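Observations on the model geometry
Read off the chains here:
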Amino acid sequence: MPKMVEIRWHARGGQGAVIASRYLAASAIRQNLYFQAFPQFGTERMGAPIVAYTRISDAPINLRCAIEEPDVVVVLDPTLLKSVNVTANLKEGGSIIANYPGTPEELAKELNIDGKFKVYTLDAYKISTEEIGRPIPNTPMVGALARVLGIISLDNVLAEFEEQFSHRFKPEIVEKNLKAVRRAYEEVQGV
């Protein structure tokens, strides 16, 4: 594992980029990894673009907030793909994981992403609608990110979701969310 993985999340207000970031980061604790999950940057209005950040490391992390060169960029809202420069400051060899209904090759072509970045796609709206009953992209995207990063086990992600959700939701709701995470982990596509 690299000493530190830095993740930049692009979403719209109300999509839960910060919550998703924190679930992933909290899952890292189960493996004795250190994390930071930053609050959203940008406007607080529902529907407005926001940015959130997560750091995961095998050593204590200093508290500076800026992430200048992320290793991974996650896009929760596919409509942002046209307005956000997903490769901006992304480290060479870095990964882009997008909630996108097409293939990684189609996304790379559409956004003119060259071969120095890895591209992954997942139709998080479809998965969450089919498994949870409404389009909640952050839940499946955490499963996809766990798979792409390869440093946080799916078991730890599922355990974190189950622990956090069981305090607030009925068991059937918890199971639906766990199913969405598992399915996303299995279905994420990459080139």
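The rules behind these values
- Residues numbered from 1 in each chain as written.
- Predicted model: local features only at pLDDT ≥ 70, side-chain atom pairs only at ≥ 80, totals over all residues.
- Heavy atoms only, no water.
- Buried < 20%, exposed > 50% of the residue type's maximum accessible area, 1.4 Å probe, protein only.
- Helix = DSSP H or I, 4+ residues; strand = E, 2+ residues; numbered from the N terminus.
- Pairing = 2+ DSSP bridges.
- pLDDT = per-residue confidence, 0-100.
- Right-handed = clockwise from strand over helix to strand, strands pointing away.

Re the pairing of strand β5 (residues 95–99)
Two faces belong to every sheet, and in a regular strand the side chains alternate between them. Counted residue by residue, β5 has 5 buried out of 5 residues, so it is predominantly covered. Residues S95, I97 and N99 point to one face of β5 and I96 and A98 to the other, with burial holding for every one of them. Bridge count for strand β4 (residues 72–75) against β5 is 4 bridges, and the pairing is parallel. Residue pairing across strands places V72 opposite S95, the latter belonging to β5.

Quick look at the confidence of the model for the chain
Mean pLDDT over the chain works out to 85, with 88% of the residues at or above the 70 mark. Averaged pLDDT values over the elements of the chain bottom out at 71 in strand β2 (residues 34–42) and peak at 97 in strand β6 (residues 118–122).

A closer look at the pairing of β6
Counting buried residues along β6, 4 of its 5 residues qualify, which places the element largely inside the surrounding structure. Here β5 runs beside β6; their pairing, made up of 5 bridges, is parallel. Its bridge partner lying in β6, N99 is registered against L122. Running through helix α2 (residues 104–111), the crossover from β5 to the neighbouring parallel element β6 is right-handed.

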